[in-house]
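Spelled out from the first residue to the last, the chains are:
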Amino acid sequence: MRSYIICATPRTGSTLLCDLLTATGQLGAPDSYVMRDIDPDWARDLGLPPRPKPSGSGIAAYFDAVIRVGRGGTPVFGLRLMRADLGDLCALAGHLHPGCTSDRARLEAAFGDLLFIHLARSDKLAQAVSMVRAEQTGLWHVAPDGTEVERLAPPQDPVYDFDRIAAKLAELQGFDTAWTSWFAAEGIAPLTIGYEDLSANPAGALARICHAMGTPAPALEAIRPGVAKLADATNADWIRRFRADAGLTG
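Quick caveat, the model's predicted, so the values are computed rather than measured.

Taken as a whole, this structure holds 13 salt bridges when the rule is applied. Between glutamate 108 and arginine 104 there is a salt bridge; the shortest N-O distance is 3.2 Å. With glutamate 108 and arginine 104 both in helix H5 (residues 103–111) and 4 residues apart, the pair spans about one turn of that helix. Look at arginine 104 and you get partly exposed, because its relative accessible area is 28%. A salt bridge links aspartate 237 to arginine 241, with the nearest nitrogen and oxygen atoms 4.0 Å apart. With aspartate 237 and arginine 241 both in helix H10 (residues 233–245) and 4 residues apart, the pair spans about one turn of that helix. Given the relative accessible area of 33%, arginine 241 is considered partly exposed. Connected through salt bridges with shared partners, the residues Glu135, Arg164, Lys168 and Glu171 form a single ionic network.

Okay, structure coming up:
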C-alpha cells in the first residue's frame, strides 16, 4: 500500500492541502483521524472506533478503520498528523508491531510504503497570530466565497494579546523544531512543502506531491481550493504591534 503522512502544525495550510489531495480522487482522503481530541460525533460518522490505549485491545481494528477512511476508496492512504499526536500514534503502532525498533519502522509496518510530507510555515509570527485569532473568534476556515467552513466556537471579537501570541509563537516553534529533530533521528528526508508556496501556488505544491507519489497531477483547471486565507488588516496590525512590543526590528 502506498501511503503518506502530512507532518504539520496548526495554521500551515493543512486543511487546504488535504482538500486538494482528496479532490484528485487518487490520493486518499487525508485528515486528522488519530488526533487526541478528535470530535466523537465526526469519528462515529466515519466509522472510527475510539482510540485504544497503547496497552489495550482493539489496536489492529483501530488501524484497519483509520486506513479504510484515509484511503477514501482509492489505493492510497493519506493522514494528517500534528506533532503533538506523533508519540501516541507511534506507541500504538509499536504495540501492534513489537519487533520494530524505530518510529519510522513502526509507522511503515502499520501503513506501508510511506512518504513523509513536512508542511511548515516560515513566518512563525504570522502563524501564531493566525492561531490566536482563530481561537479567539472561533472561526478556523472559510470558503473562497467567504462562507464559513469550520467554526469551533460562537463568534467573538478578536483582541490583541501580546502574552498569548508570544506563548503560541514559542509553542509553534517548538513543534517545528521537534519535527525536524524527529526526521533527523529517524533518517527521514521529508518532502517539504512551505505554507507560503502552497498558498501562492496550490497547483505547484500538489504537482510536487503527485510526482513523489507517482501519480499524474490533475489538470490546472480542475484544481479549486476549498478554503481561503483568513488573514486581513487585523492580522497585519497585530504582527506590527507584537514586533514593536517585543522590540523586534528589521
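Back to the text.
To continue, consider unusual backbone geometry. At arginine 11, a residue that is not glycine, the phi angle is positive and equals roughly 65°. The topology assignment puts arginine 11 in the loop between strand S1 (2–8) and helix H1 (14–23). Judged by relative accessible area, arginine 11 falls into the buried class, the value being 13%.

Below, the discussion takes up the pairing of strand S2 (residues 76–82). Of all 7 residues that make up S2, 7 are buried, and the element is covered over most of its length. Burial along S2 is two-sided: Val76, Gly78, Arg80 and Met82 and Phe77, Leu79 and Leu81, pointing in opposite directions, are all buried. Sheet topology note: the S1/S2 ladder contains 7 bridges and is parallel. By the bridge assignment, serine 3 is partnered in S2 with phenylalanine 77.

You can see isoleucine 239 is positioned in helix H10. Measuring from C-alpha to C-alpha, the distance between isoleucine 239 and tyrosine 160 comes to 9.7 Å, with 79 residues separating the pair along the chain. Residue contacts for isoleucine 239: discarding those within four places in its chain leaves Leu125, Ala126 and Val129.

Parameters and conventions
- Residues numbered from 1 in each chain as written.
- Predicted model: local features only at pLDDT ≥ 70, side-chain atom pairs only at ≥ 80, totals over all residues.
- Heavy atoms only, no water.
- Salt bridge = Lys/Arg side-chain N within 4 Å of Asp/Glu carboxyl O.
- Helix = DSSP H or I, 4+ residues; strand = E, 2+ residues; numbered from the N terminus.
- Buried < 20%, exposed > 50% of the residue type's maximum accessible area, 1.4 Å probe, protein only.
- Pairing = 2+ DSSP bridges.
- Contact = heavy atoms within 4.5 Å.

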